[in-house]
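Structural features, examined
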Amino acid sequence: MIEIKNLSFRYEKKFVYNDFNLAIPKNQVCLVTGINGVGKSTLLRLIAGVLKPRTGEIKFAGDMGDDPRKSIGFISDKLSLYKNLTVAQAIDLHKSVYQLDEFDDSMLKHTKIDYSQKIKSLSVGQQTIVHLNLIFSTNPKILLIDEVIVALDAYLKKVVLQKLIQLITENKLTVIMVNLNFHDIEHIVERVILLKDGRILVDEKIGDLKQKVKKVKSATPPEHLPILSRSNFNNSMEYFIYPFNEEYRKTISGEIFDLNLTDIVSGFIGGEYA
Amino acid sequence: MLKKELRDSLWVLLESSIFLLSIPIMFFTEKFFKWGWDTTEVFSLVFIITMVVYAILSGLSLWQSEKKEDAFEYLLSIPLSRLRVLAYKFLPRFGILLVLIILFGILFFTPQFPTTAFFIVVVFLIAVFLSITISTMWISFIEIGLLYFLVFTASRKMPIVLVKIGITSPYWTLWLSLFFVGAFLLIPLGAAFWSTIKNMDARPLKVQFKSYLIFLLPVICLLLGFIIIV
């Protein structure tokens, strides 16, 4: 379990988080989303320990050992690795730091990466798979993934997601993901957290969210309903309603649509930009 | 990690060894101008230049791979304490420098050897302690040059104070001067460096150098004041 209590953080003068609280139970897969610059990646960096909170604390319950970083796998949007090393040297370094006797390179074997190649000479997708394989090899208890799976091709994406599902099931992994391609991860995400101005705007289980967010296509705006955002698609107006109540069906003249995670998130984010 | 840092240090040594190419140039210059240098003097001078260049480059490049390869986040996310990271980075570089100094002592021992070795170590430590702050190599070279100038000048003035308080032995005045001035600069500089490393995170580095202002500015002012007054 991860417990964030009264956390404050700022890069320079403006606070990204001020008195922020969040609890994530073990073996939960969370999606953190929000508009650009809201602090999603900062949140992952704070949990990973690469940023230090100014005040407040981040606690890890359970058997995390003397250094929580041993049990955390973090891949940032920067793909931070020693890129002058060859893949073999990077594996060697990772093995020595995490004191691994064996290195499970099953994911890398799906690629055509030559281990004597320098990381900087690999494509972004290849670097991503190297980094993910390094992280997965340490059997983390908490996995923090920041917007990188999008760089993978369809086949490698499938390989990574299969491995991710295997780890979630077998190792009771806790996963926090940021703004990935929602379609790819829809079936594994359990909870969606939408951030706004350093606080949580929406925090819902995905099933509940699908019940509570609907899209209405209507010529006349359903102004009596809680409209989250609106968009003009092919000259027909669409309205995202949140929180939706089944009672509303009687009062709506247009069509009502169930939404997938991508639509739900874009509905919320559209509301932020409106 | 240690293996990687040793590789990096050897690479810096190789880069610094480019100065060895100046040996034939110096031979030809000597033949042309007839300064009266013998082979040992030429080798010894080139060796000192190589050591100084290695000391500065290896010290300044302590965090070069993290900066150039954008690997700070990776380094901060792996389970290594800051002390261990520092030890892995410092020891191979300092080890190679010690080997060079010992080799120099064996090959070209002169009565000035201990003070030469002392100043090379001081230059190396200044470079290490400034390594996290560097933006460009040339500016850092100038910074190190200025700090070295302060240490050197203050250590020349220090014997005057020591004689006044009754320490007259040339041996003791020399070494106490070097020790006091070196420590006066290096301890606060080291404290600023350690404080920055200890609290360092993935924020832009330029916002993390407050300790340098707190620790270093008063020391520089005091050293300058000492040089001017004495």
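These numbers come from a predicted model, not from an experiment.

**Description of the sheet that holds strand S10 (residues 214-217) of chain A**
Residues and elements named next belong to chain A. As summarised here, the arrangement of the four strands in space is S11-S12-S10-S13, forming an open sheet in which the pairing is antiparallel. What marks the edges here is a single partner per strand, and that holds for strand S11 (227-233) and strand S13 (255-257). With direction set aside, neighbouring strand axes in the sheet form an average angle of 25 degrees. Where S11 meets strand S12 (residues 236-241), six bridges bridge the pair, whose relative direction is antiparallel. From the neighbouring strand, Phe 233 faces S12, where its bridge partner is Ser 236.

**Considerations on the domain arrangement of chain A**
All names here are of chain A. Once the domains are mapped, chain A shows domain 1 (2-189) and domain 2 (207-273). Just the C-alpha atoms count here: the centres of domain 1 and domain 2 sit 33 Å apart. Across the contact, nine residues belong to domain 1 and eight residues belong to domain 2. When the two sides are added together, the surface that domain 1 and domain 2 hide from each other amounts to roughly 710 Å², 69% of it contributed by carbon and sulfur. It is Ile 35, Phe 182 and Glu 186 that lose the most area in domain 1 upon contact with domain 2, and together they represent 69% of the buried surface on that side. The interface formed by domain 1 and domain 2 contains one salt bridge. Across the pair Lys 210 and Glu 186 runs a salt bridge whose closest N-O atoms are separated by 2.8 Å. Where domain 1 touches domain 2, the interface holds two residue pairs in polar contact (both at pLDDT 80 or more). Taken together, the elements giving at least two residues each to the side of domain 1 that touches domain 2 come down to strand S3 (29-33) and helix H5 (182-185).

**Considering the packing of helix H3 (residues 39-60) of chain B against helix H8 (residues 137-164) of chain B**
For any two helices packed against each other, one specifies the inter-axial angle together with the distance between the axes. Residue and element names in this part refer to chain B. Relative to each other, H3 and H8 sit at 120 degrees, their axes nearing to 11 Å. It follows from the interaxial angle that H3 and H8 lie oblique. The handedness of the crossing between H3 and H8 is right-handed. Contacts between H3 and H8 pair Ile 56, Leu 57 and Leu 60 from the former with Met 137, Ser 140, Phe 141 and Ile 144 from the latter. Grouping the constituent residues of the contact of H3 with H8 by class yields six nonpolar, one polar and no charged.

**Things to note about the pairing of strand S1 (residues 2-10) of chain A**
Residues and elements named next belong to chain A. Alignment of S1 against strand S4 (residues 55-60), held across five bridges, turns out to be antiparallel. Across the sheet, Ser 8 pairs through a bridge with Thr 55, a residue of S4. Bridge count between S1 and strand S2 (residues 15-24): six bridges; the pairing is antiparallel. Paired with Glu 3 across the strands is Ala 23, a residue of S2. Two successive antiparallel strands, S1 and S2, enclose a turn made up of four residues.

**Details of the interface of chain A and chain B**
Residue-level contacts link 29 residues of chain A with 28 residues of chain B. Summing the contributions of chain A and of chain B, the shared interface buries around 2,500 Å²; its carbon and sulfur component is 53%. One can count three salt bridges joining chain A with chain B. Measuring nitrogen to oxygen at the nearest pair gives 2.7 Å for the salt bridge that ties B:Lys3 to A:Asp92. Run the count over chain A and chain B and you get 16 residue pairs in polar contact (both at pLDDT 80 or more).

**Details of the packing of helix H1 (residues 2-16) of chain B against H3(B)**
Residue and element names in this part refer to chain B. Contact geometry of H1 with H3 gives a least axis separation of 9 Å together with a crossing angle of 140 degrees. Here H1 lies oblique to H3, going by the angle between them. Considering only the axes of H1 and H3, their crossing is right-handed. Of the residues in H3, those touching H1 at Ser 9, Val 12, Leu 13 and Ser 16 are Thr 50, Val 53, Tyr 54, Leu 57 and Ser 58. For the contact of H1 with H3, a count of residues per class yields five nonpolar, four polar and no charged.

**A few points about the environment of B:Val181**
Residues and elements named next belong to chain B. Within the secondary structure, Val 181 is located in helix H9 (residues 170-199). On the basis of relative accessibility, which here comes to 3%, the residue Val 181 falls in the buried class. Taking the C-alpha atoms as reference points, Val 181 and Met 158, 23 residues apart in sequence, are found 7.8 Å from one another. Ignoring any residue separated from it by four or fewer positions in sequence, one finds Val 181 in contact with Val 151, Ala 154, Ser 155, Met 158 and Leu 223.

**Here's the deal with the pattern of salt bridges**
Here the idea is simple: oppositely charged side chains can pair when their charged atoms come close. Scanning the model with the defined rule gives 23 salt bridges over all chains in all. Among the salt bridges present, the one from A:Lys78 reaches B:Glu73, with a minimum N-O distance of 4.0 Å. Here A:Lys78 is found in the loop between strand S5 (72-75) and helix H2 (87-97), whereas its partner B:Glu73 is found in helix H5 (residues 72-77) on a different chain. We classify B:Glu73 as buried; its relative accessible area is 4%. A:Glu238 is the salt-bridge partner of A:Lys215, the closest N and O atoms lying 3.6 Å from each other. Of the two residues, A:Lys215 sits in strand S10 while A:Glu238 sits in strand S12, which places them 23 residues apart along the sequence. By relative accessible area, which is 14% here, A:Lys215 ends up buried. Exposure remark for A:Glu238: the relative accessible area of 7% places this residue in the buried category. When salt bridges that share partners are traced, they join B:Lys4, B:Glu5, B:Asp8, B:Glu66, B:Lys89 and B:Arg93 into one network.

Rules used in this analysis
- Residues numbered from 1 in each chain as written.
- Chains lettered and ligands numbered in written order.
- Predicted model: local features only at pLDDT ≥ 70, side-chain atom pairs only at ≥ 80, totals over all residues.
- Heavy atoms only, no water.
- Pairing = 2+ DSSP bridges.
- Helix = DSSP H or I, 4+ residues; strand = E, 2+ residues; numbered from the N terminus.
- Axes fitted to C-alpha atoms, helices over the stretch in contact; angles between N-to-C directions.
- Domains from an automatic or database assignment.
- Contact = heavy atoms within 4.5 Å.
- Buried area = accessible area lost by both parts, 1.4 Å probe.
- Salt bridge = Lys/Arg side-chain N within 4 Å of Asp/Glu carboxyl O.
- Polar contact = N/O pair within 3.5 Å; in protein donor to acceptor, adjacent residues only side chain to side chain.
- Parallel < 35°, antiparallel > 145°, perpendicular 65-115°, else oblique.
- Left-handed = near helix turned anticlockwise from the far one by under 90°.
- Nonpolar A, V, L, I, M, F, W, Y, C, P; charged D, E, K, R; others polar.
- Buried < 20%, exposed > 50% of the residue type's maximum accessible area, 1.4 Å probe, protein only.

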